[in-house]
Amino acid sequence: MGYRKRIVLGFLKDKGSLIKTSLSTKRHKSAVRRVILRATTHKSSAPPSDHRLATVIALGEGSTYAASAGVQALMDRLNGTSDAWVALKCLFLIHNILVKGSVLLKDQLSVYPCFGGRNFLNLSMFRDDSDSETLELSTWVRWYAGILEQNLIVSRVLGYHLNSSRAANKNKIWSLSNSDLLTQIDSLVDFAEQVGNPPESLYLQRKNLVYEIVRSVSENYRLVQREISVRVTELRGRMMSMSFSESTAFLNSLKRFEDCKERISLLLVNRNRNDDLRDLMKETKANLVVMMKDKNMLLITMGDEDDESSKLFRLASGRKWVVGF
């Protein structure tokens with residue numbers, strides 16, 4: 001389908017939807033749906049205007065009913081479209097709710113009926129094959145949905161939203177068990193791995209909406225790095241008291257994070273790069289390996305003795321191999 005024809009058809013769809021809501025007898029729900037429709041139009045590849053974003057965010061400043069209706073209208077719009085631009089705008093609105101929305105609005109999103117794990121946005125199979133560009137944009141839809149899903153999973157594991165004032169509270173971190181801290185680090189590293197698996201069509205960042213999406217993801221990644229840092233620092237001070245399984249889990253999380261950092265740099269370049277965290281992770285991993293060797297938790301069995309990165313370690317239980325530490 002030609003670009004101009006697709007835009008015209010999208011415009012007509014939007015007009016039809018707006019007329020339908022204006023004729024509805026359920027005035028409040030119709031007004032809410034018009035807010036969502038106007039913020040996610042087909043006619044432009046630009047992100048929703050600040051005014052449109054503010055109007056959506058304002059839905060969380062009233063009653064629980066208004067917030068619930070807003071989230072329901074947004075999810076209906078997202079799950080009812082096959083247009084890549086509309087889907088990206090809906091996801092961008094969800095992201096803005098997570099960042100700027102009231103607790104009421106965030107909670108309505110968090111308890112949405114489909115919430116509960118990966119792919120709750122139901123976009124893992126999204127595909128808009130209208131033309132070659134929308135086909136590429138479809139990969140951005142799937143990737144971005146994965147980012148937002150992981151954002152909500154992290155919030156559930158941590159017990160607060162990433163943008164919350166409770167974030168990275170060092171006074172509460174020390175009271176958590178090793179197991180809890182390791183579970184949280186594992187979830188945060190899952191987020192980093194999702195960031196590090198972007199679409200190949202990085203050139204589409206020249207599109208304003210895609211650019212703003214990457215910028216927003218970059219800011220989330222900055223917060224995730226902060227959360228990882230306080231937990232790694234805390235566990236670093238507990239390494240000598242860690243059990244075999246805890247040490248292994250910690251080592252694997254450190255390795256996973258290290259493995260995705262180069263892929264992340266391809267997407268974000270130097271935006272929100274945290275060299276202090278990278279140094280902390282590298283030093284912690286080296287110290288953890290030494291400690292595990294001293295406690296006979298692992299044995300060097302293969303590899304070049306002069307090349308630490310190529311060594312193979314076998315865990316003392318003999319059941320599992322850990323590569324490249």
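Refer to the structure printed above.
Because the structure is a prediction, the values reported are computed rather than measured.

### Observations regarding the packing of aromatic side chains
A full pass over the atoms with the stated rule returns one aromatic pair. Pairing Trp-140 with Trp-143 gives two aromatic rings, centres 5.5 Å apart and planes at 85°, and the pair type is edge-to-face. Of this pair, Trp-140 and Trp-143 both sit in helix H7 (residues 132-158), separated by three residues, roughly a single helical turn. For Trp-140, a relative accessible area of 1% corresponds to the buried category. You can call Trp-143 buried: its relative accessible area is 4%.

### Re the packing of helix H4 (residues 64-80) against helix H6 (residues 103-110)
It is the contact of H4 with H6, at a shortest axis distance of 9 Å, that shows an interaxial angle of 50°. Relative to H6, the element H4 lies oblique. Handedness of the H4/H6 crossing: right-handed. In contact with Thr-64, Ala-67, Ser-68, Val-71 and Met-75 of H4, H6 contributes Leu-104, Leu-105, Gln-108 and Leu-109.

### Quick notes on the pattern of salt bridges
The final tally for this structure, using the stated rule, is twelve salt bridges. Across the pair Glu-193 and Arg-256 runs a salt bridge whose closest N-O atoms are separated by 2.9 Å. Taken as a pair, Glu-193 in helix H9 (residues 178-195) and Arg-256 in helix H11 (residues 244-268) lie far apart in primary sequence, 63 residues in all. Residues Arg-231 and Glu-227 are paired through a salt bridge, measuring 2.7 Å at the closest nitrogen-oxygen approach. On the criterion of helical spacing, the pair formed by Arg-231 and Glu-227 is a turn pair, its members being four residues apart in helix H10 (residues 208-236). For the pair formed by Arg-231 and Glu-227, the shared burial category is buried.

Analysis parameters
Residues numbered from 1 in each chain as written. Predicted model: local features only at pLDDT ≥ 70, side-chain atom pairs only at ≥ 80, totals over all residues. Heavy atoms only, no water. Phe/Tyr/Trp six-rings, centres within 6.5 Å; stacked < 30°, edge-to-face > 60°. Helix = DSSP H or I, 4+ residues; strand = E, 2+ residues; numbered from the N terminus. Buried < 20%, exposed > 50% of the residue type's maximum accessible area, 1.4 Å probe, protein only. Axes fitted to C-alpha atoms, helices over the stretch in contact; angles between N-to-C directions. Parallel < 35°, antiparallel > 145°, perpendicular 65-115°, else oblique. Left-handed = near helix turned anticlockwise from the far one by under 90°. Contact = heavy atoms within 4.5 Å. Salt bridge = Lys/Arg side-chain N within 4 Å of Asp/Glu carboxyl O.

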